[in-house]
Number of protein chains: 2
Amino acid sequence: MTDDITARHNEKMRKIKAARDKMMATKTEEKGLIMVHTGTGKGKSSAGFGMVMRCIAHGMPAAVVQFIKGNWDTGEKTFLRDRFADEVRFFVSGEGFTWETQDRDRDIAAAQNGWKIAKEQILDPEIQFVLLDEINIALRYDYLDIDDVVDFLMNEKPEMTHVCLTGRNAKPELIEAADLVTEMTLVKHPFKDLGVKAQKGVEF
Amino acid sequence: MTDDITARHNEKMRKIKAARDKMMATKTEEKGLIMVHTGTGKGKSSAGFGMVMRCIAHGMPAAVVQFIKGNWDTGEKTFLRDRFADEVRFFVSGEGFTWETQDRDRDIAAAQNGWKIAKEQILDPEIQFVLLDEINIALRYDYLDIDDVVDFLMNEKPEMTHVCLTGRNAKPELIEAADLVTEMTLVKHPFKDLGVKAQKGVEF
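The structure contained in this document is the topic of the report that follows. (Residues numbered from 1 in each chain as written. Chains lettered and ligands numbered in written order. Predicted model: local features only at pLDDT ≥ 70, side-chain atom pairs only at ≥ 80, totals over all residues. Heavy atoms only, no water.)

**Thoughts on the overall build of chain A**
In plain terms, the rule: Secondary structure elements follow DSSP: runs of H or I of four or more residues count as helices, runs of E of two or more count as strands, with numbering from the N terminus. Think of it in three bands: with a 1.4 Å probe and only protein chains considered, a residue is buried below 20% of the maximum accessible area for its type, exposed above 50%, and partly exposed in between. Any two residues having at least one pair of non-hydrogen atoms within 4.5 Å are treated as being in contact. Working definition of accessibility: Shrake-Rupley area with a 1.4 Å probe, residue cover restricted to the visible protein chains.
In terms of regular secondary structure, chain A is built from 9 helices and 6 strands. When each of the 204 residues of chain A is scored for burial, the buried share is 56%. Long-range contacts, defined as pairs at least 24 residues apart, comprise 80% of the intrachain contacts of chain A with a sequence gap of at least 6. If you sum the accessible surface of chain A, you get close to 8700 Å²; carbon and sulfur atoms cover 48% of it.

**A word on the packing of helix 2 (residues 44-57) of chain A against helix 2 (residues 44-57) of chain B**
Each pair of packed helices can be summarised by the angle the axes make with each other and by the distance between the axes. Quick reminder of the rule: Lines are fitted to the C-alpha atoms to define the axes, a helix being fitted only along its stretch in contact, and any angle between axes, read from their N-to-C directions, falls within 0 to 180 degrees. Here is the rule for angles: anything less than 35 degrees is roughly parallel, anything more than 145 is roughly antiparallel, 65 through 115 is roughly perpendicular, and the remaining ranges are oblique. Under the convention adopted here, Pro, Cys and the residues Ala, Val, Leu, Ile, Met, Phe, Trp and Tyr are nonpolar, Asp, Glu, Lys and Arg are charged, and Gly plus all remaining residues are polar.
Packing of helix 2 of chain A against helix 2 of chain B brings their axes to within 6 Å, and their N-to-C directions diverge by 80°. Classed by the angle they form, the pair helix 2 of chain A and helix 2 of chain B counts as roughly perpendicular. Note on element contacts: helix 2 of chain B touches helix 2 of chain A through B:Ser45, B:Ser46, B:Ala47, B:Phe49, B:Gly50, B:Met51, B:Met53 and B:Arg54, opposite A:Ser45, A:Ser46, A:Ala47, A:Phe49, A:Gly50, A:Met51, A:Met53 and A:Arg54. Taken together, the residues that form the contact of helix 2 of chain A with helix 2 of chain B break down as 8 nonpolar, 6 polar and 2 charged.

**Notes on the pairing of strand 1 (residues 34-38) of chain A**
All names here are of chain A. Condition: At least two bridges found by DSSP between two strands are what make those strands a pair.
The buried fraction of strand 1 amounts to 5 of the 5 residues, a majority that puts the element mostly inside the structure. Residues Ile34, Val36 and Thr38 point to one face of strand 1 and Met35 and His37 to the other, with burial holding for every one of them. Bridge count between strand 1 and strand 6 (residues 180-188): 4 bridges; the pairing is parallel. Bridge pairing in strand 6 places Thr38 opposite Glu183.

**Focus: the side chain of A:Ser93**
All names here are of chain A. Position of Ser93 among the secondary structure elements: in the loop between strand 3 (88-92) and helix 4 (98-101). Accessibility expressed as a relative area gives 9% for Ser93, which makes it buried. Leaving out residues up to four positions away in the same chain, Ser93 has contacts with Gln66, Phe67, Ala110, Ala111 and Gly114.

**A short note on a negative patch on the surface**
This is how it is decided: Patch membership requires over 30% relative accessible area and the absence of a salt bridge. Like charges are linked within 9 Å, and nonpolar side chains (Val, Leu, Ile, Met, Phe, Trp, Tyr) within 5 Å. We count a salt bridge whenever a side-chain nitrogen from Lys or Arg sits within 4 Å of a carboxyl oxygen from Asp or Glu. Only four residue types enter the tally: Lys and Arg on the positive side, Asp and Glu on the negative side, with His and both chain ends excluded. For this purpose, a charge sits on NZ of Lys, CZ of Arg, CG of Asp or CD of Glu.
Taken together, the side chains of A:Asp145, A:Asp147, A:Asp148, A:Asp151, A:Glu156 and A:Glu173 present a region of like negative charge at the surface. Residue placement: A:Asp148 occurs in helix 7 (residues 146-155).

**What about the environment of B:Ala63?**
Residue and element names in this part refer to chain B. Structurally, Ala63 can be placed in strand 2 (residues 62-66). A relative accessible area of 0% means that Ala63 is categorised as buried. Excluding residues that lie within four positions of it along the chain, Ala63 makes contacts with Arg89, Gln121, Ile127, Phe129, Val130 and Leu131.

**Side note on the packing of aromatic side chains**
Stated formally: Each aromatic pair joins two rings of Phe, Tyr and Trp (for Trp, the six-membered one) with centres within 6.5 Å, and gets the label stacked for planes under 30 degrees apart, edge-to-face for over 60, and tilted for any other angle.
Taken as a whole, this structure holds 12 aromatic pairs over all chains when the rule is applied. Note on A:Trp115 and A:Phe152: the rings are 5.5 Å apart at their centroids and 80° apart in plane angle, and the pair reads as edge-to-face. Here the residue A:Trp115 occupies a position in helix 5 (residues 104-123), and A:Phe152 occupies one in helix 7, the gap between them amounting to 37 residues. Neither A:Trp115 nor A:Phe152 differs from the other in exposure class; each is buried. Grouping aromatic residues by their ring pairs yields a cluster made of A:Phe79, A:Phe84, B:Phe79 and B:Phe84.

**Topic: the sheet that holds strand 6 of chain A**
The strands making up a sheet are joined through hydrogen bonds of the backbone, oriented either antiparallel or parallel. Pairing is mixed across the open sheet formed by 12 strands, whose spatial order is 3(A)-2(A)-4(A)-5(A)-1(A)-6(A)-6(B)-1(B)-5(B)-4(B)-2(B)-3(B). Two strands bound the open sheet, and with one partner strand each, they are strand 3 of chain A together with strand 3 (88-92) of chain B. With direction set aside, neighbouring strand axes in the sheet form an average angle of 15°. Running over the sheet, helix 3 (residues 75-83) of chain A touches strand 2 (62-66) and strand 3 of chain A and is turned about 135° from strand 3 of chain A.

**Some details on the pairing of strand 4 (residues 129-133) of chain A**
Residue and element names in this part refer to chain A. With 5 of its 5 residues buried, strand 4 lies for the most part within the structure. By the alternation rule, side chains of strand 4 split into Phe129, Leu131 and Asp133 and Val130 and Leu132, which are all buried. Here strand 2 runs beside strand 4; their pairing, made up of 5 bridges, is parallel. In the strand pairing of strand 4, Ala63 is matched with Val130. Alignment of strand 4 against strand 5 (residues 162-166), held across 4 bridges, turns out to be parallel.

**A few points about the packing of helix 3 of chain A against helix 2 of chain B**
Note the cut-off: Definitions for this section: a left-handed crossing has its near helix turned counterclockwise from the far helix by less than a right angle. A right-handed crossing has that turn clockwise.
As a packed pair, helix 3 of chain A and helix 2 of chain B sit with axes 8 Å apart at the nearest point and diverge in direction by 70°. On the basis of the axis angle, helix 3 of chain A is roughly perpendicular to helix 2 of chain B. Two packed elements cross with a definite hand, and for helix 3 of chain A against helix 2 of chain B that hand is left-handed. Of the residues in helix 2 of chain B, those in contact with A:Gly75, A:Glu76, A:Thr78, A:Phe79, A:Leu80 and A:Arg83 of helix 3 of chain A are B:Met53, B:Arg54, B:Ile56 and B:Ala57. Tallied by class, the residues present in the contact of helix 3 of chain A with helix 2 of chain B amount to 5 nonpolar, 2 polar and 3 charged.

**Considerations on helix 2 of chain A**
This is how the line gets drawn: Under the convention used throughout, the expected extent of a helix is 1.5 Å for every residue step, that is, one less than its residue count.
An ideal rise of 1.5 Å per residue puts 20 Å on 14 residues; helix 2 of chain A measures up with 21 Å between its terminal C-alpha atoms. A positive backbone phi angle near 70° is found at A:Gly59, which sits one or two residues after helix 2 of chain A.

Worth remembering: the numbers are spatial, not functional.
Dropping the structure here:
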């Protein structure tokens, strides 16, 4: 590394820092965000649970409603229920993916029960962050009415409460309503290419 | 909901379940995965920490090496260091983004120290999952040699150890080497559109 390259690099970084400091200075507003994690890639739920971990660290009471993975013995459920029952309220509404239950009417009832719980948690002034895990699946199959959900989030959600909604195929209405939308895109997946099965720690 | 619609839906779901069961039956192989979370969207690190949470739940010892966010008082660092020191080894190599430090040589030394620690953790037979948080930034600026990193992951990583590498601008060599690559794509971001600053629980 020559001194010249180092000097040019440091000058470039100084400019980025200046631009970033200027940008951040305008970001004084705090508000509760409506966040969506969608797409066919991995990490939609994991990133939601990563935020739950951050909330625990900061002493921000949080709630999780799992709409679809109900009967799965997931690491996140075990972890939060066994160790953080005081910090995180954990609810399960769904009973597995619909192709496991084979009963659409029961799935609809479960999704609607989950949404009822979700609204209560979002309206609870104690709760600062609510993760609605896989709710997009329930919305996609019209187990829940998208207009009801969007109307509630836009008009009844307390201003400072963050809500994160996950699942592939997010509806356009939800994307429009959201403050922050991330699409997880599958670039490469071992299930498809290599015949590797779902593994502990990684997938659940 | 008419009985007819319900019947058609149940039939469709039965077919999906059959196809999925068939697909899953071939996924008997277990192996340690090389995973990459890249892209300009959010959730790259959060999803990595969500997997760390799952590892804790399953009793799988894990290690984290943070390459860039060293001096930030992040929720995930506080959380893991204060509460899970027995389950997760947490290392910090970087001292903040380079535009914070303004010293390229120091950044290179920090990144190389981080990579040395990373290799030790990956080779440690006790450790089952290693998160190399923001290592892609160090690779992008050539603080670390991409060929060294890829060669180590492909040839020296123990077969059953999972490694997750995060950060935008993942190098093509790393994508080629990885088993699973997810690109987090920014669809909408409040920093850009609304002047909302980074917030506790969500961003850090």
